Amino acid sequence: MRVNPVGRLARWLRGPSTAQAPSPQSPGARGIERRLVAEPWYVDRVSISGSRLAAEGWSMAVPGAIEPAEGWFTVNGRRFDSLRYPLPRADVGDVFWMREGAAMCGFEATIDDLAQPYPEGVLEIRRVVPDTPFVERGRDSWFKPDPALHAGLPDEARRLRVIGNADAEGFLISGATDYHRIDRALLAVAGRHLADFDRVLDWGVGCGRVARHFPAARAQALTGCDIDADNVAWCAAQLRGRFVHCAIDPPLPFPDASFDALYGISVFTHLQEPMQMRWLEELARVAAGGAIVAVTVHGRTAIDFSRQPPAEHRRLVEEVRRHGIVFNGTNSQLDGHADHHGEYVNVLHGADYVRRVWSRWFDILHILPGYILHHDLVMMRRR
Ligand SMILES: C[S@@+](CC[C@H](N)C(=O)[O-])C[C@H]1O[C@@H](n2cnc3c(N)ncnc32)[C@H](O)[C@@H]1O
């Protein structure tokens, strides 16, 4: 998984790939679309000085759209005092060459009297898209946690191997954003917050990027597990909750029906298909009847983010359409840290495939495109 380090978007979007993003005018640049399946946006930078907050980022603009009453963006539910939008962002346009007008999407906003930036420990910046379906609304918010509550972060090496980037600010913002987006999706489908469930499993907890945002007062409800013993030990020493080492192959060291809510961010994105089948079976075993299971996959949004030139972009989209699941290269991020026998790779999923194949174990409630960074979130219920 590669996470956008907020504030260093362009570098992250360039990533390690050697592929060159073409300009939209280049001869090979066909397949331009008016809207992407999940219109991406990012908050690149938030700076707070006294009660003044300044934010910068980008969000795909819809030409001719009428500004909502509360403005295009809000901070903790309030309108910004000043907003410049849309502004040129050639770096974003280079990545999303397939989206018409993507290079004109920047915003810069300020608010002057934000006395309490972190109510309940977190600041929320929202883009206002009135027609976002209720279950997908979490995608329209980014969350920045109060840094004063997060002094002890895992070191760079630990952060690097779970999110492909060592940026500390990005680690905190992406973790809080993923936590609260999952929480909102759960509220939409189950009417309860994540921390209201009594038995929650973070499958593939890594170094607790998301788990650290679980409320401390409810820590007895949280279990995290991972094949990376060193990261599990770090979580057990530094975070509240129960953290358990597990193997790349099932079973998990938990009895049947142990959990009411389970989430796994960027785990199915990295397992070969036969191993995925075994893990779906195993997650179904440890999930109680009616449990909600939320896991991410790399789908169309991940391809859009991958900076491929048009021919390769088209090829990947077509491969996924045709095969449903596509092996997309090896992954060495865990080498030397977890015993994975070459099972830890990169995989793309099509939504139709997930609905068809995974419904053997779960009711597929929703597949929320581009909901967790560039991942799709599959919301399922154990029968
Ligand atoms: C890309 S990282 C994401 C970590 C964490 N979920 C996050 O979002 O920060 C994938 C994690 O899944 C773990 N993992 C891979 N296969 C696993 C398995 N079969 N069971 C549990 N964890 C696994 C890896 O060790 C790694 O920590």
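Our subject is the structure that appears above.
Overview of the structure. Each residue is numbered by its place in its chain's sequence as written, counting from 1. Owing to the predicted nature of the model, reporting of local features is limited to residues with pLDDT of at least 70; listing and counting of side-chain atom pairs is limited to 80 or more, with chain, interface and lining totals taken over all residues. With hydrogens and water set aside, each side-chain value is computed from the structure's full complement of heavy atoms.

### Some points on the sheet that holds strand 11 (residues 242-245)
As a reminder of what qualifies: Two strands form a pair only when DSSP identifies at least two bridges running between them. Every helix listed is a DSSP run of H or I at least four residues long, and every strand listed is a run of E at least two residues long, numbered separately from the N terminus. Axis lines are fitted through C-alpha atoms, for helices just across the contact stretch, and the angle between N-to-C directions can take any value from 0 to 180 degrees.
Pairing is mixed in the open sheet, where 7 strands are placed in the order 11-10-9-12-13-17-16. Each of the sheet's edge strands pairs with one partner strand only, and the pair in question is strand 11 and strand 16 (362-372). When strand polarity is set aside, the average angle formed by the axes of neighbouring strands in this sheet is 15°. Bridge count for strand 16 against strand 17 (residues 375-382) is 7 bridges, and the pairing is antiparallel.

### Looking at the nonpolar core
Selection criterion: Residues grouped as a nonpolar core are buried Ala, Val, Leu, Ile, Met, Phe, Trp, Tyr and Cys residues, joined through side-chain atoms within 4.5 Å. Each residue gets one of three labels from its accessible area relative to the maximum for its type: buried under 20%, exposed over 50%, partly exposed in between, using a 1.4 Å probe on protein chains only. Any pair of residues with heavy atoms lying within 4.5 Å of one another is described as a contacting pair.
In this structure, W203, L252, L262, F268 and W358 are the most contacted members of the largest nonpolar core, which totals 39 residues. When neighbours within four sequence positions are excluded, F268 is seen to be in contact with W203, Q276, W279, L280, L283, V295, T296, V297, V347, H349 and W358. L36, V46, A55 and M98 belong to the second-largest nonpolar core, a separate cluster that totals 33 residues.

### Let's talk about the site of the ligand
Filter applied, for reference: Any residue with at least one heavy atom within 4 Å of a molecule or strand is counted as near it. Counting of polar contacts relies on pairs of N or O atoms within 3.5 Å, with two restrictions inside protein: one atom must be capable of donating a hydrogen and the other of accepting it, and residues adjacent in sequence are counted only when both atoms are side-chain atoms. We get accessible surface area from the Shrake-Rupley algorithm with a probe of 1.4 Å; when it comes to residues, only the shown protein chains can shield them. Gly is put with the polar residues, along with every residue not named as nonpolar or charged; the nonpolar set is Ala, Val, Leu, Ile, Met, Phe, Trp, Tyr, Cys and Pro, and the charged set is Asp, Glu, Lys and Arg.
Around the ligand lies a shell of 21 residues, among which W203, G204, R209, D226 and I265 are the nearest. Measuring from a nitrogen atom of the ligand, one finds a side-chain N or O atom of W203 at 3.1 Å. Between the ligand and G204, the relevant distance is 2.6 Å, taken from a nitrogen atom to a main-chain nitrogen or oxygen of the residue. Protein coverage of the free-state accessible area of the ligand, which is 600 Å², stands at 99%. Of the residues belonging to the shell around the ligand, the class tally is 14 nonpolar, 4 polar and 3 charged.

### Let's talk about helix 3 (residues 156-163)
The α-helix advances 3.6 residues per turn, and as a result positions three or four apart in sequence lie on the same side. Here helix 3 has its buried residues at R158, R159, R161, V162 and I163. A distance of 3.2 Å separates the backbone nitrogen of A157 from a side-chain oxygen at the start of helix 3, and that oxygen is part of D155. Among the residues trailing helix 3, G164 stands out with phi positive, at a value near 70°.

### Thoughts on the environment of E136
One can find E136 in the loop between strand 7 (122-127) and strand 8 (141-145). Distance from E136 to R181, taken between C-alpha atoms, is 8.7 Å for residues 45 residues apart in sequence. Among all residues touching E136, those that are not within four sequence positions of it are L368, P369 and Y371.

### Points about the packing of helix 3 against helix 5 (residues 229-238)
We count it as follows: Reported orientations rely on four angle classes, namely roughly parallel under 35 degrees, roughly antiparallel over 145, roughly perpendicular from 65 to 115, and oblique for the rest. Left-handed describes a crossing in which the near helix is turned anticlockwise from the far one by less than a right angle; the clockwise case is right-handed.
The contact between helix 3 and helix 5 brings their axes to 11 Å, and the two run at 120°. Taken together, the axes of helix 3 and helix 5 lie oblique to each other. The two elements helix 3 and helix 5 meet at a crossing, and its hand is left-handed. Contacts between helix 3 and helix 5 involve R158, R161 and V162 from the former and D230, N231 and W234 from the latter.

### Brief notes about the pattern of salt bridges
In plain terms, the rule: By definition here, a salt bridge exists when the distance from a side-chain nitrogen of Lys or Arg to a carboxyl oxygen of Asp or Glu is within 4 Å.
Taken as a whole and assessed by the stated rule, the structure comprises 32 salt bridges. The closest approach of N and O atoms between E67 and R79, which form a salt bridge, is 3.5 Å. Residue E67 is located in the loop between strand 2 (52-59) and strand 3 (73-75), and its partner R79 is located in strand 4 (residues 78-79); the two are separated by 12 residues in the primary sequence. Assessed through its relative accessible area of 38%, E67 is described here as partly exposed. Bridged by salt links that share partners, the residues D155, R158, R161, D228 and D230 form one connected network.

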